[in-house]
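Secondary and tertiary structure notes
Residue-level listing of the chains:
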Amino acid sequence: MADYIYTMELRLSPQQQRGVTLVQDVARNAGMNLYLTGGAVRDIITGFPIRDLDFTVQGNPLKLQKEFERAGAIIGGADDYFGTLYLTLPGAVRAEIGSARIERHEKTGKPPVVTPATIIEDLRRRDFSVNAMALSLNEGSRGLLMDPFNGAADIELKVLRVLHNYAFVEDPSRLIRASRFAARFHWPLEERTQARYDSAKENNYIEYITDHAIGYEIEQLAYEDDPLNVARVFEKEGWLKVLSPHWTTAKIDTNGLSQLMKTRQQMVDLGYIPQPAPAMLHFLTARLTEKESTDIRKMIPRRDLAEAWRDLEDHAKELSKRLTGKEAATPSRTWKLLSSVRPEMVLFLAITTRQQAVAQKIKNFFTKWREVQQKIPLPEMTELLITPQLPEYPKIAEDVFMLLLDGKMRSRTERLNFLKPLAPPPPPPPPPPKRGRGKAAAAAAAAQVPAPAAGKGKKKGKGEPPAAAAAPAVAAKATAKTAEPAKAAAKPAAKPAAQKTEPKKPAKPAAKKPAPKPAKAAKKKH
Ligand code: CTP
């Protein structure tokens, strides 16, 4: 059996891995069997980016809302009818937790009749073979892949295959989904699936799509990495007007969308994780009327997404105002403000602002000000033993960075004036080495090594290296310019070595003594 857990852990981001652990813990405590399903399993196997986590539990996930919130998840919406919970897990990980179910499609155009089921039965109600796989996250079977329709083989073949002949009749939204996945993966429909697709399209089955499915597919479009490409395919196939009657690609702000994708990538490269979906919806519907946009918004199942989209412009205006006010009067204050707001707000404002001053501040935040981090005076800090080992180091480094941003601490004197009061006390010299060679020898050794001044400096544990010893390691990381101060910092570390050698002299005669004595003395040490 392939080790899918290993592959999963390898493919998920650290945030997604933590998300899996969180959901696992909540489900286990509730005694519910849990599976990773749908696109997440498909993408683990294909190697495509894993955009969200789809879970299925045997039980009702809606009962777990409080537990999820306690564990740090945000509930983005809940669907009572299908028993689905829409979550945002810590680290901005999008997740959906569905109830394992059978869907019986009794009347075309009506929602299916839903009944609880086993995971295998649940897989049978799904759209395509590549989406009908589950990975067990339960003790005892963790990592077991359930693949009743041989989706893994279709992944190899790179085709989309429906599970049965009535797939498009049962759920016409699968027509839209087929186009979406084909556009994203560049995978064709398998031959018979293509024939069913053509026939369903010809017979206009799409008119039986439910409002719930329309809302769900609009939301999915907003999560696409390249929604414009998908929207173009939708338009060609006639699906865009199914999602909203007056929607065409001419109503999309294509320039805004491409700016959004570009700026988002820049932010990702800098380590931010902005959620672009609200802004995607903004640009995708830019030229629809207010009423048309509001109608679309109402259909979106994730209420938090719908609200974030609705409030986007107001929040951007607010941020813009703050950026031109006192709160952002200096570079350091602007930095703090931009670091404290949600990255998607910065992303949206960066693209839409018409105020030169705001645009410039955001630009500096992404570029010029970041370079100031290189100017953190590591040599002086190392010299003063202000090293990452200190608990207060992050705060000191942050304060230094803020001062540098505001053009302060230019000269060495200025830097030392600021840093000196923050430096830790110098480490005490190490205690004299104890020699078990009689009182006279010990006294002689003690006479040669000055005792540390009482109460001066931090007490160090046995065997702990002197604080100074750590400094060169930090300095070594710095540029060649820092080499000199690094040497200086190493000096206090050199002392103990010299001290160690000195007491060796009186030890010489003791070597002639019988062996047991030093052994006894060594025991005493412990
Ligand atoms: N699903 C389905 N039929 C639908 C909607 C969803 O069978 N009409 C199932 C599929 O198994 C799908 C899973 O629910 O894989 C999750 O749906 P969705 O998030 O829309 O698609 P993903 O496959 O996860 O693809 P992605 O998130 O990458 O777009």
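Quick caveat: nothing in here was measured; it's all calculated off a predicted structure.

A closer look at the overall build of the protein
If you tally the helices and strands in the protein, you get 28 helices and nine strands. The 526 residues of the protein split such that 45% are buried. A fraction of 66% describes how many contacts in the protein between residues 6 or more apart in sequence connect residues 24 or more apart. Counting every atom, the protein has about 27,900 Å² of accessible surface; 54% of that belongs to carbon and sulfur.

A few points about empty space enclosed by the protein
Counted by the stated rule, this structure contains three cavities of 30 Å³ or more. In this model, the largest cavity occupies a volume close to 890 Å³. Around the largest cavity, the lining comprises 45 residues; the ones closest to its centre are Glu96, Arg101, Arg125, Arg177 and Tyr216. Every element with two or more residues in the lining of the largest cavity is listed here: helix 3 (38-46), strand 2 (53-58), strand 4 (84-89), strand 5 (93-99), strand 6 (101-104), helix 8 (173-185) and helix 10 (211-223). For the lining of the largest cavity, the element with the most residues is helix 8, which contributes six residues. A per-class count over the lining of the largest cavity returns twelve nonpolar, 13 polar and 20 charged.

Here we look at the side chain of Ser99
If you trace the backbone, Ser99 turns up in strand 5. Within the structure, Ser99 has its side chain in polar contact with the backbone oxygen of Gly59 (distance 3.0 Å).

With respect to the site of the ligand
Taken together, 18 residues surround the ligand, and among them Arg42, Asp54, Asp127, Arg177 and Arg184 come closest. Within the backbone of Gly39, a nitrogen or oxygen atom sits 3.3 Å from an oxygen atom of the ligand. For the ligand, an oxygen atom lies 2.7 Å from a polar atom in the side chain of Asp54. The fraction of the free accessible surface of the ligand (560 Å²) that becomes covered by protein chains is 93%. Of all the cavities here, the one that holds the ligand is the largest cavity. When residues in the shell around the ligand are grouped by element, the largest group, five residues, is from helix 8. Looking at the shell around the ligand residue by residue, the classes come out as two nonpolar, five polar and eleven charged.

Focus: the layout of surface pockets
A probe matching the size of a water molecule, rolled over the atoms, marks out where space remains unfilled. The calculated volume of the second largest pocket comes to roughly 630 Å³. Contributing to the lining of the second largest pocket are 25 residues, with Ile50, Arg51, Arg264, Ile273 and Gln275 lying nearest its centre. For the lining of the second largest pocket, the secondary structure elements donating two or more residues are helix 2 (14-29), strand 5, helix 10, helix 13 (254-269) and helix 14 (277-284). For the lining of the second largest pocket, the element with the most residues is helix 13, which contributes three residues. Partitioning the lining of the second largest pocket into residue classes produces 13 nonpolar, six polar and six charged.

A word on the packing of helix 10 against helix 14
Interhelical geometry of helix 10 versus helix 14 gives an angle of 105° and a closest axis separation of 8 Å. Between helix 10 and helix 14, the angle is such that the two are roughly perpendicular. Contacts between helix 10 and helix 14 involve Ile218, Leu221, Ala222 and Tyr223 from the former and Ala277, Met280, Leu281 and Leu284 from the latter. Residues belonging to the contact of helix 10 with helix 14 are distributed by class as follows: eight nonpolar, no polar and no charged.

Topic: the packing of aromatic side chains
The final tally for this structure, using the stated rule, is 13 aromatic pairs. With 6.1 Å between their ring centres and 5° between their planes, Phe181 and Phe185 make a pair best called stacked. Of this pair, Phe181 and Phe185 both sit in helix 8, four residues apart, roughly one helical turn. For Phe185, a relative accessible area of 5% puts it in the buried group. Linked through ring pairs, Phe48, Phe128, Phe181, Phe185 and Trp187 together constitute an aromatic cluster.

A word on the confidence of the model for the protein
Low pLDDT marks regions whose predicted coordinates should not be analysed in detail. Model confidence for the protein is summarised by a mean pLDDT of 85, while 82% of its residues fall at 70 or above. This model gives residues 449-526 a pLDDT under 50, and the stretch forms 48 contacts once residues within four places in sequence are excluded.

Structural notes on the nonpolar core
Membership of the largest hydrophobic core comes to 120 residues, with the highest contact counts inside it found for Leu36, Leu53, Phe55, Phe68 and Trp247. A total of eight residues in this core trace back to one element, the largest contributor, which is helix 22 (residues 393-405). Apart from the residues within four sequence positions on either side, Phe55 is in contact with Val20, Val23, Leu34, Tyr35, Leu36, Thr37, Ala95, Glu96, Ile97, Gly98 and Leu137. Membership of the second largest hydrophobic core comes to five residues, among which are Tyr35, Ile119, Ala134 and Met146.

Concerning the sheet that holds strand 3 (residues 74-79)
The strand order 3-4-5-2-1-8-9 describes an open sheet built from seven strands, whose pairing is mixed. Both edges of this open sheet fall to strand 3 and strand 9 (145-146), since each of them pairs with a single strand only. Pairing analysis gives five bridges linking strand 1 (residues 33-37) to strand 2, with the strands arranged antiparallel. Its bridge partner being in strand 2, Tyr35 is matched across the sheet by Thr56. Against the sheet, helix 3 makes contact with strand 1, strand 2, strand 8 (134-136) and strand 9, and its axis sits at roughly 55° relative to strand 1, the strand it touches most.

Things to note about the side chain of Arg42
One can find Arg42 in helix 3. By relative accessible area, Arg42 is classed as buried at 4%. Only 2.7 Å separates the side chain of Arg42 from the side chain of Asn131, close enough to count as a polar contact. Setting aside its immediate chain neighbours within four residues, Arg42 contacts Val130, Asn131, Met133, Ile155, Phe181, Arg184 and Phe185.

Structural notes on helix 18 (residues 343-352)
The element helix 18 is largely enclosed, with a buried count of seven among its ten residues. Looking only at helix 18, the buried set comprises Glu344, Met345, Val346, Leu347, Phe348, Leu349 and Ile351. Buried residues along helix 18 sit in contact with helix 13, helix 14, helix 16 (303-324), helix 17 (331-340) and helix 19 (356-366).

Criteria and cut-off values
Residues numbered from 1 in each chain as written. Predicted model: local features only at pLDDT ≥ 70, side-chain atom pairs only at ≥ 80, totals over all residues. Heavy atoms only, no water. Helix = DSSP H or I, 4+ residues; strand = E, 2+ residues; numbered from the N terminus. Buried < 20%, exposed > 50% of the residue type's maximum accessible area, 1.4 Å probe, protein only. Contact = heavy atoms within 4.5 Å. Areas by Shrake-Rupley, 256 points an atom, 1.4 Å probe, with all protein chains shown as cover. 1 Å grid on protein atoms, 1.4 Å probe; cavity = no way out; pocket = protein on both sides within 12 Å on 5 of 7 lines; lining within 4 Å. Points joined across faces, edges and corners; volume = space filled by probe spheres on them. Nonpolar A, V, L, I, M, F, W, Y, C, P; charged D, E, K, R; others polar. Polar contact = N/O pair within 3.5 Å; in protein donor to acceptor, adjacent residues only side chain to side chain. Near = heavy atom within 4 Å. Sits in = over half its atoms within 2 Å of the grid points. Axes fitted to C-alpha atoms, helices over the stretch in contact; angles between N-to-C directions. Parallel < 35°, antiparallel > 145°, perpendicular 65-115°, else oblique. Phe/Tyr/Trp six-rings, centres within 6.5 Å; stacked < 30°, edge-to-face > 60°. pLDDT = per-residue confidence, 0-100. Core = buried A, V, L, I, M, F, W, Y, C linked by side-chain atoms within 4.5 Å. Pairing = 2+ DSSP bridges.

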